[in-house]
Amino acid sequence: MGRKKQFKSESKRLLDLMVNSIYTHKEIFLRELVSNASDAIDKYYFENAGHVDTTSLQIRLTPNKDDRALTITDNGIGMTEKELEENLGTIAKSGSLAFKEEMDKKDKGENSDVDIIGQFGVGFYSAFMVAKDVTVISKSDAEETAHRWESKGDDGYTISEDPSTERGTKIILTLKDDTDQDQYSEYLETYTLENLIKKYSDYIRYPIKMEVETQKPIPGTDKDEDGKDKAPEYETVVEDKTLNSMVPLWKRQKSKITQEEYNQFYKDHFFDYEDPQRVIHFSVEGNVSFTALLYIPARVPQGFYNQDYKKGLQLYSRGVFIMDHAEDLLPDYLRFVKGLVDSQDLSLNISREMLQHDHQLKLIASRIEKKVLSELESMLKDEREEYEKFYRNFGLDIKFGVYNNYGMDKEKLQDLLLFYTSNEQKLSTLDEYVSRMKEDQKEIYYISGQDIAQIDKLPIVQTLKKKDYEVLYLTENVDEFVMSTLGTYKEKTFKNAGQGELDLDSDEEKEELKNTSEANKDLIDFIKESLGDKVADVKLTNKLSDDPVDLSAGEGVSFEMEKVFANMPQGSNPFPMKAQRILEINPNHPIFETLKKLYDTDKDKVKEVADVLYDQALLIEGFEIEDPIAYSRKICELLVNQNQ
Ligand SMILES: Nc1ncnc2c1ncn2[C@@H]1O[C@H](COP(=O)(O)OP(=O)(O)OP(=O)(O)O)[C@@H](O)[C@H]1O
């Protein structure tokens, strides 16, 4: 046995962290060791290109419950005594510098509480998260003898000669004792190992093999004495199984992948039982190189509106799984996109914290955003029905995308919006609406309500339709916020038809209305006074063709916004905002004549009628009335009086 040596001081600190790790993803040790094994085979392959029997290259897992040991064997390049010393005695060069800097910061008291293990190229040392003793037996073609490196972690390591003759490296992990938190013996179960390989290392290029026990029917036992079929007897057979599928689907040539394969991969990896609506598979070479395989689900994913729904793509580095739900790869408004990104430009040990600042990742994210948006644009252009199907599922996210971040992304998204309109009785883009606008129309009209049918009956909508103006129907809470974020589209301002003035009248009509209003000023003032602070104003309007009254909101908060604020959870909105209520009366409706007459004969009745009209206007707007019983009594009274 060789002399005991101490780890270099930096390594020792890292090792301490591993040995005493409270890191929750200890299982990644297997990914790290398998990845090293694969790198070692790569190196052997490249150094001996042309002379290698590629079929023999492999990685093997051997769990041994008696010894509580898990062995990972590869027939890669192996290490000489010196290499064992250099490579395993100091921490990996890639990570060492960053690690040391972080440690220096810590010493100066500036250290953030970052997840240190995830952050550095700790590779091999992660074995100490699960093992109390790590033995590495390695043989390089460059040396006659093999060597054995052994360590229990903190108290150093020994290197000695070993009788092995086969080229490559064998890493024997004697697992730590089980604790309440960690069942290390799980790593001796073949099914756990199979799952971990599938999860993290499925696409390693070389076969990862393991002997697995399976139950097989014993030949000839499926017939009884009379030759009739019966359930066969089973025996336990040990089979050598390849655990990984080796070639990632996304690395294969696009033209050679069937839709069925894409769909199956989606269902296997992203927990959906339905085929996706769209597959987007593309590669980018250049400043940053990556391949992305993205999917748009055909339906809203389960839990999509729950707080704990996680957006993001799976991240791979050269076919090795790094993490799930890398959220920085997708903007929020594309949170429905599922899929993965594989880039050789990312380090295997990159952490979430690091990703946020990673320049390469930002480039990847921006290419992905552009690609998905351009796919959606062409779907809208060329496959309208498909797009509308998509929009019914995820249009709300596109709307939130317009509204969020102070409208930062609105330019990118505005042409993907669809709204139901009065003319078309179907969904329209803003561009389509603008192209149909009347020559004299200056603004884009919209109006909000609970649903299409209710909006369609609103008095103001009837009037606009009569005058041949098209109106966008808004039925979702976020819609008005989208409109106010957009402000304009193709230099046309958005105008809430249920709010403020609409300027639809001709000069003569305006003049006539002004005259009627002046002539009836006393009556109008009286109504306003009798309604008190319920209304901000009462006025006559030409907007209403057949309806007697209507309530419009003053400038500022609209009725729809008021309703949204009112529905917010209590406490989140300490100053609920109310829209100004303006009661508008149709001077061409017979009710106005009645009011005029009553004003001369029975002012108390005017008050009653005004109350009823105001309540009616509230109902039309979808508000509750304050006192339904009083309202109903008044209506009955008026009906009875009429027949007397
Ligand atoms: N199975 C192996 N066969 C041959 N060499 C190995 C093997 N495992 C590790 N090594 C050597 O030990 C070195 C240190 O490994 P470690 O996993 O700590 O870091 P790394 O793989 O270089 O870096 P990173 O993990 O950041 O990619 C490797 O660079 C490699 O030279």
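Each remark here, short or long, concerns the structure printed above.
Residues numbered from 1 in each chain as written. Predicted model: local features only at pLDDT ≥ 70, side-chain atom pairs only at ≥ 80, totals over all residues.

*Asks:* Whenever I open this one, the overall build of the protein chain confuses me. Can you help?
*Replies:* When you go through the protein chain residue by residue, the secondary structure sums to 21 helices and 22 strands. Residues counted as buried form 34% of the 644 residues belonging to the protein chain. At a minimum sequence separation of 6, the contacts of the protein chain that also span at least 24 residues come to 70%. (Helix = DSSP H or I, 4+ residues; strand = E, 2+ residues; numbered from the N terminus. Buried ≥ 20, exposed ≤ 12 C-beta atoms within 10 Å, placed from the backbone. Contact = placed C-beta atoms within 7 Å.)

*Asks:* Even after reading the chapter, I still don't get the sheet that holds strand β13 (residues 338–343), so can you show me in this structure?
*Replies:* To summarise the sheet geometry, strands pair through backbone hydrogen bonds and adopt either a parallel or an antiparallel arrangement. Taking strand neighbours across the sheet as the criterion, the 5 strands line up as β9-β10-β13-β11-β12 in an open arrangement whose pairing is mixed. Sheet topology places β9 (278–284) and β12 (320–326) at the edges, where each strand pairs with a single neighbour. Neighbour-to-neighbour, the strand axes of the sheet open up by a mean angle of 15°, direction not taken into account. Bridging between β9 and strand β10 (residues 290–296) involves 7 bridges; their strand directions are antiparallel. The partner of Val279 across the bridge, within β10, is Tyr295. (Pairing = 2+ DSSP bridges. Axes fitted to C-alpha atoms, helices over the stretch in contact; angles between N-to-C directions.)

*Asks:* Mind showing me how you'd approach the pairing of strand β2 (residues 69–74) here?
*Replies:* Moving residue by residue along a regular strand, the side chains alternate between the two faces of the sheet. Burial of β2 is one-sided: the residues Leu70, Ile72 and Asp74 facing one way are buried, the residues Ala69, Thr71 and Thr73 facing the other way are not. Pairing of strand β1 (residues 59–64) with β2, which is carried by 6 bridges, proceeds in the antiparallel orientation. Within β2, the position partnered with Ile59 by the bridge is Asp74. As consecutive antiparallel partners, β1 and β2 are separated by 4 residues, and within that stretch Arg68 has a phi angle of approximately 55°, a positive value. Of the strand pairs in this sheet, β2 and strand β6 (residues 168–175) are connected by 6 bridges, and their pairing is antiparallel. Its bridge partner being in β6, Ala69 is matched across the sheet by Thr174.

*Asks:* What is the right way to look at the nonpolar core in this model?
*Replies:* Nonpolar side chains tend to gather and get buried jointly when the protein is soluble and globular. Among the nonpolar cores identified, the biggest contains 119 residues, and Ala127, Ile447 and Val471 are the most heavily contacted of them. No other element matches helix α2 (residues 28–47), which puts 9 residues into this core. Once you skip the residues sitting within four places of it in the chain, Ile447 turns out to touch Ile455, Leu458, Ile460, Val461, Val471, Tyr473, Leu474, Asn496, Ala497 and Gly498. Among the nonpolar cores identified, the runner-up in size contains 16 residues, and Leu523, Ile524, Leu595 and Ala617 belong to it. (Core = buried A, V, L, I, M, F, W, Y, C linked by C-beta atoms within 7 Å.)

*Asks:* Where do I start with the pairing of β12 in this structure?
*Replies:* Examined bridge by bridge, strand β11 (residues 313–317) and β12 share 4 bridges and lie antiparallel to one another. Bridged to Leu313 within β12 is Ala326. Where β11 folds back onto β12 in an antiparallel hairpin, the turn is made up of 2 residues, including Arg318, whose phi is positive at roughly 50°.

*Asks:* Where do I start with the packing of helix α19 (residues 590–601) against helix α20 (residues 603–620) in this structure?
*Replies:* To describe two helices that pack against each other, one gives the angle between their axes and the distance between the axes. Interaxial distance between α19 and α20 falls to 6 Å at its minimum, and their mutual angle equals 145°. Touching Leu595, Leu598 and Tyr599 of α19 are Lys603, Lys605, Val606 and Val609, all from α20. Partitioning the contact of α19 with α20 into residue classes produces 5 nonpolar, no polar and 2 charged. (Nonpolar A, V, L, I, M, F, W, Y, C, P; charged D, E, K, R; others polar.)

*Asks:* It is not clear to me how helix α17 (residues 521–531) should be interpreted in this structure. Could you clarify?
*Replies:* What sets the pattern is the α-helix's 3.6 residues per turn: residues three or four places apart point alike. Buried within α17 are the following residues: Leu523, Ile524 and Ile527. With its buried residues spanning 100° around the axis, α17 presents them on a single face. Across from the buried face of α17, at angles greater than 90 degrees, the exposed residues are Lys521, Asp522, Asp525 and Glu529. Against α16 (507–519), β20 (537–540), α19 and α20 lie the buried residues of α17. (Arc of directions from axis to C-beta.)

*Asks:* I would appreciate a short explanation of the sheet that holds strand β21 (residues 549–553) in the present structure.
*Replies:* Pairing is mixed in the open sheet, where 3 strands are placed in the order β20-β22-β21. Looking at strand neighbours, the two that pair on one side only are β20 and β21, the edges of this open sheet. The average angle at which neighbouring strand axes cross in this sheet is 30°, direction not considered. Across 5 bridges, β21 lies against strand β22 (residues 581–585) in antiparallel orientation.

*Asks:* Got a minute to help me understand the environment of Lys8 in this structure?
*Replies:* You can see Lys8 is positioned in the segment before α1 (9–19). A residue is classified by how many C-beta atoms lie within 10 Å of it, and Lys8, with 13 of them, is partly exposed. Measuring from C-alpha to C-alpha, the distance between Lys8 and Gly89 comes to 6.6 Å, with 81 residues separating the pair along the chain.

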